Amino acid sequence: MAKHSNIDQPLSFPILIGDIGGTNARFSLLVDAFSEPREFPIVHTADFATINDAIQAGVMDKTAQQPRSAILAVAGPIRGDEIPLTNCDWVVKPKDMIKALNLTDVVIINDFEAQALAIANMPDAYREPIAPRPDTRIASRVVLGPGTGLGVAGLVHAQGKWIPVPGEGGHIDIGPRSKRDYEVFPHIKTIEGRVAAEQILCGRGMVNLYNAICKVDGVEPALAEPKDVSHAGLDGSDPQAVETLSLFATYLGRIAGDMAMIFMARGGVYLAGGISQKILPALKKPEFRTAFEDKAPHNTLLQAIPTYVVTHPLAALAGLATYARTPGRFGLALEERRWRR
Ligand SMILES: Nc1ncnc2c1ncn2[C@@H]1O[C@H](COP(=O)(O)OP(=O)(O)OP(=O)(O)O)[C@@H](O)[C@H]1O
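Just so you know, these numbers come straight off a predicted model, no measurement behind them.

A.B. asks: Where do I start with the overall build of the protein chain in this structure?
C.D. replies: The secondary structure content of the protein chain amounts to twelve helices and 15 strands. At 21 Å, the protein chain has a C-alpha radius of gyration in line with the 20 Å of a compact globule built from 341 residues. With respect to the three principal axes, the spread of C-alpha positions in the protein chain is 60 × 45 × 35 Å. Taking all 341 residues of the protein chain together, 52% fall into the buried category. Summing over all exposed atoms, the protein chain offers an accessible surface of approximately 15,000 Å²; the carbon and sulfur share of this is 52%.

Set out below in structure tokens:
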């Protein structure tokens, strides 16, 4: 089984497309370059021992049109021929998958790379502007997604192509700046002594931030789940939860602005992940955008950059489908990530 021959040759249709998360796996089938992908019901990863079983039962047993190739986005680093997933027991083994499912090719990429592919061409119906700005620019972009963790990817526009740049941007340091930050930060749970962005800007991080605020205010935390904190913050029923959302929006704006400067993302910053859509009203308040633009000496640069919340329910699948249809528009590095029969 060769891993490198004709690496940039387009995948053969029908193409199985998959977004494999810790809890859920979402699949669709792209029959040709012109039709809309056919979606299949969401699969709970815990219901199947292996990803091959899930694809067999969730897709192949449900359609007469069998895929000839597959492109899958997974949470976690892609190294070697056995890819363990973050927050899930599945190990993706592309060589086994080719044999078991009778495929010619399997491509595996990072889940935030798929989110980056999606923002190359996100229709207005699937993005909600925060502080609308004209966005006629074909220019580099960034996607940040607070969810189970904090995913970050750039989408660089160079030499007429969109080039996704996955990384570990969710693990950069984040520091205090305002007087209130200096009160709250000493109580944020650290990772080996570090307040990484993901200690605050994800589901677990939201609860971490809430607990720190409760500590400073001298009150017993009443809420334990991220969704409880965000609901109480949005409906105003818990003062510490209200401040949690305000500071969450501020810190997300700060990091989003930093990423915009790093990638010179004049094409916009997109907020994806499970949490952004759920706290949209909090992100539309002034805190997010104020922090985003507060980047002296580059405030003017940041003021001109549009920011959006991605509202597409299956954005990663949409990104993979766009790539599968028109691979030549993208500079997606496939070395060590494409396996062929
Ligand atoms: N209403 C809410 N407010 C805040 N956080 C929430 C809310 N609902 C869910 N969460 C948190 O969002 C996180 C899940 O995020 P997301 O939906 O992006 O999952 P994921 O990482 O993509 O995993 P998967 O793909 O398996 O669903 C969890 O930490 C969960 O507690």
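After that view, the rundown keeps rolling.
A.B. asks: Help me understand unusual backbone geometry in this model?
C.D. replies: Most of the time, phi is negative for any residue but glycine, and the peptide bond is trans. The omega torsion across F13 and P14 is -10 degrees, close enough to zero to call that bond cis. Relative to the helices and strands, P14 resides in the segment before β1 (15-20). Here Q159, not a glycine, exhibits a phi torsion of approximately 50 degrees, which is positive. Of note, E192 is a non-glycine position whose phi angle comes to about 45 degrees, a positive value.

A.B. asks: Whenever I open this one, the pattern of salt bridges confuses me. Can you help?
C.D. replies: Pairing is possible between side chains of opposite charge, provided their charged atoms come close. Per the stated rule, a full pass over the model turns up 20 salt bridges. Of the charged contacts in the structure, one is a salt bridge between R133 and E293, with a shortest N-O distance of 3.2 Å. Of this pair, R133 sits in the loop between β9 (127-130) and β10 (141-146) while E293 sits in helix α10 (residues 286-293); the two residues are 160 residues apart in sequence, bridging distant segments of the chain. Among the residues examined, R133 registers a relative accessible area of 27% and is labelled partly exposed. Of the charged contacts in the structure, one is a salt bridge between R289 and E293, with a shortest N-O distance of 2.7 Å. Of this pair, R289 and E293 both sit in helix α10, four residues apart, roughly one helical turn. By the burial criterion, R289 is buried, and E293 matches it. One connected set of salt bridges, linked through shared partners, spans K179, R180, E183, D217 and E243.

A.B. asks: Sorry, what's going on with the packing of aromatic side chains here?
C.D. replies: Pairs of aromatic rings are described using the distance from one ring centre to the other and the angle between the two planes. For the coordinates displayed, the defined rule picks out four aromatic pairs. Plain terms: the ring middles of F185 and Y251 are 5.5 Å apart, the flat faces sit at 80 degrees to each other, and that makes the pair edge-to-face. Of this pair, F185 sits in the loop between α4 (179-184) and α5 (203-217) while Y251 is found in helix α7 (residues 239-263), placing the two residues 66 residues apart along the sequence. Like F185, the residue Y251 is buried in the burial classification. Between F288 and F292 the ring centres are 6.1 Å apart and the planes differ by 15 degrees, which places this aromatic pair in the stacked class. A residue pair is termed a helical-turn pair when its members lie 3 or 4 positions apart in one helix, as F288 and F292 do in helix α10 at four residues. A single burial state applies to F288 and to F292, both of which are buried.

The rules we used
- Residues numbered from 1 in each chain as written.
- Predicted model: local features only at pLDDT ≥ 70, side-chain atom pairs only at ≥ 80, totals over all residues.
- Heavy atoms only, no water.
- Helix = DSSP H or I, 4+ residues; strand = E, 2+ residues; numbered from the N terminus.
- Rg over C-alpha atoms; globule rule 2.2 N^0.38 Å.
- Buried < 20%, exposed > 50% of the residue type's maximum accessible area, 1.4 Å probe, protein only.
- Areas by Shrake-Rupley, 256 points an atom, 1.4 Å probe, with all protein chains shown as cover.
- Salt bridge = Lys/Arg side-chain N within 4 Å of Asp/Glu carboxyl O.
- Phe/Tyr/Trp six-rings, centres within 6.5 Å; stacked < 30°, edge-to-face > 60°.

Function-wise, these values are silent; they only describe arrangement.
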